[in-house]
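# Breakdown of the fold
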Amino acid sequence: MRPPVLPLWALLALALGTLALLTGTFRPPAGSPGRLGSIPAGVARSPLGSTSPSEAPVADATHGATEPPGAPGEAGDVGGAPAPPYQAQSPLREPGLVPPLAPVRVPRPVVPPGPRRIGIQAGHWQTEQVPDELRRLEHATGASGGGVMEGQVNLDVARRVAAILRSHGHDVDVLPTTVPPSYLADVFLSLHADGSADPGMRGYKAAHGSRRGPYEGQLVQAVIEEYGRATGLPVDPVVSRNMRGYYAFSWSRFKSSVAPHTPAAILEMGFLSNAADRRLLVGDPDGVATGVANGVLRFLEEVPAGAPFAEDIVVPPFIPFRPAPSSP
Ligand SMILES: [Zn+2]
């Protein structure tokens, strides 16, 4: 059997990638290996590439729900085409500029002095407005339980969280399903609620994408500890691949995602299918929002302003997500 022959472009890409690595073009800046060095150069991504059509957020795909009542136009809500003042300098969206499969250097972004920026995503909000790359989420309106729809809970809590964070002087965007491309912020946190056929399943959990740095780890830890402290909910230890592969921080696959410099995580706030969890999520949304906000505020206290943006980072190239052809 004839061995497979690499096409010319692949050989060229490999050569360029190897040359760049040898010459240090893609080497992270000195003194920062621990912080940003957890993305192995040249690795084409396994965890981030795990988002496939069959891996749409579990609870979301299995529970029908009505569309949450969006309220575009509310101050600070981002209902479509926002222009964040932060400017991400990401070449990720122009894959033609880099050889395929070669790592990409993302320059440190320019962030103006002033209030810190926080993106709170209300999971499933305006999900009918997704672009083509997220078409599989068009009807993923989230979990439900006891007549309560996840999208409504997410949006309600997100707006309360935003109000608390603004009262601390921060700039806050309440984001819909479609994240502005290369969204850059000091924190991005996506809010969701779970659902299960087992009404005994309960608790909350948080996760980040399987990528870099201590920033995401710190963010998840702060959110988990402060959310638990404020709500008294138990932790659900089962973090799914769907959470780690969440599209909104899979910036190597989706344009509608945060910039690589943005510390990002997802929080499942509890199970709507569990009576005790639902009682809290619906009956004490201010308590829930306080727990979320406390986690974000603690993270911002722990991480000095600008620290996540201080250096260039080296990431895998952008490879657009291609849904598998649907079977007949
Ligand atoms: Zn959800």
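Residues numbered from 1 in each chain as written. Predicted model: local features only at pLDDT ≥ 70, side-chain atom pairs only at ≥ 80, totals over all residues. Heavy atoms only, no water.

### Topic: the overall build of the protein chain
The helix and strand inventory of the protein chain stands at eight helices and nine strands. Looking at the 328 residues of the protein chain, the share that counts as buried comes to 52%. Taking the intrachain contacts of the protein chain between residues at least 6 apart in sequence as the baseline, contacts between residues at least 24 apart amount to 86%. Here the protein chain displays about 14000 Å² of accessible surface, and carbon together with sulfur accounts for 60% of that area. (Helix = DSSP H or I, 4+ residues; strand = E, 2+ residues; numbered from the N terminus. Buried < 20%, exposed > 50% of the residue type's maximum accessible area, 1.4 Å probe, protein only. Contact = heavy atoms within 4.5 Å. Areas by Shrake-Rupley, 256 points an atom, 1.4 Å probe, with all protein chains shown as cover.)

### Thoughts on the packing of aromatic side chains
The final tally for this structure, using the stated rule, is six aromatic pairs. When the ring of tyrosine 183 is compared with that of phenylalanine 188, the centres are 6.4 Å apart and the planes differ by 65°; the resulting orientation is edge-to-face. Judged by relative accessible area, tyrosine 183 falls into the buried class, the value being 1%. Judged by its relative accessible area of 0%, phenylalanine 188 falls in the buried class. Each member of the aromatic cluster is reached from another via a ring pair, and the members are Tyr246, Tyr247, Phe249, Phe254 and Phe321. Above the face of the phenylalanine 321 ring, arginine 136 is positioned so that its terminal group lies 5.0 Å from the ring centre. Here the basic side chain of arginine 159 rests over the ring of tryptophan 125, its NZ or CZ set 5.5 Å away from the ring centre. (Phe/Tyr/Trp six-rings, centres within 6.5 Å; stacked < 30°, edge-to-face > 60°. Lys NZ or Arg CZ within 6 Å of the ring centre and 35° of its normal.)

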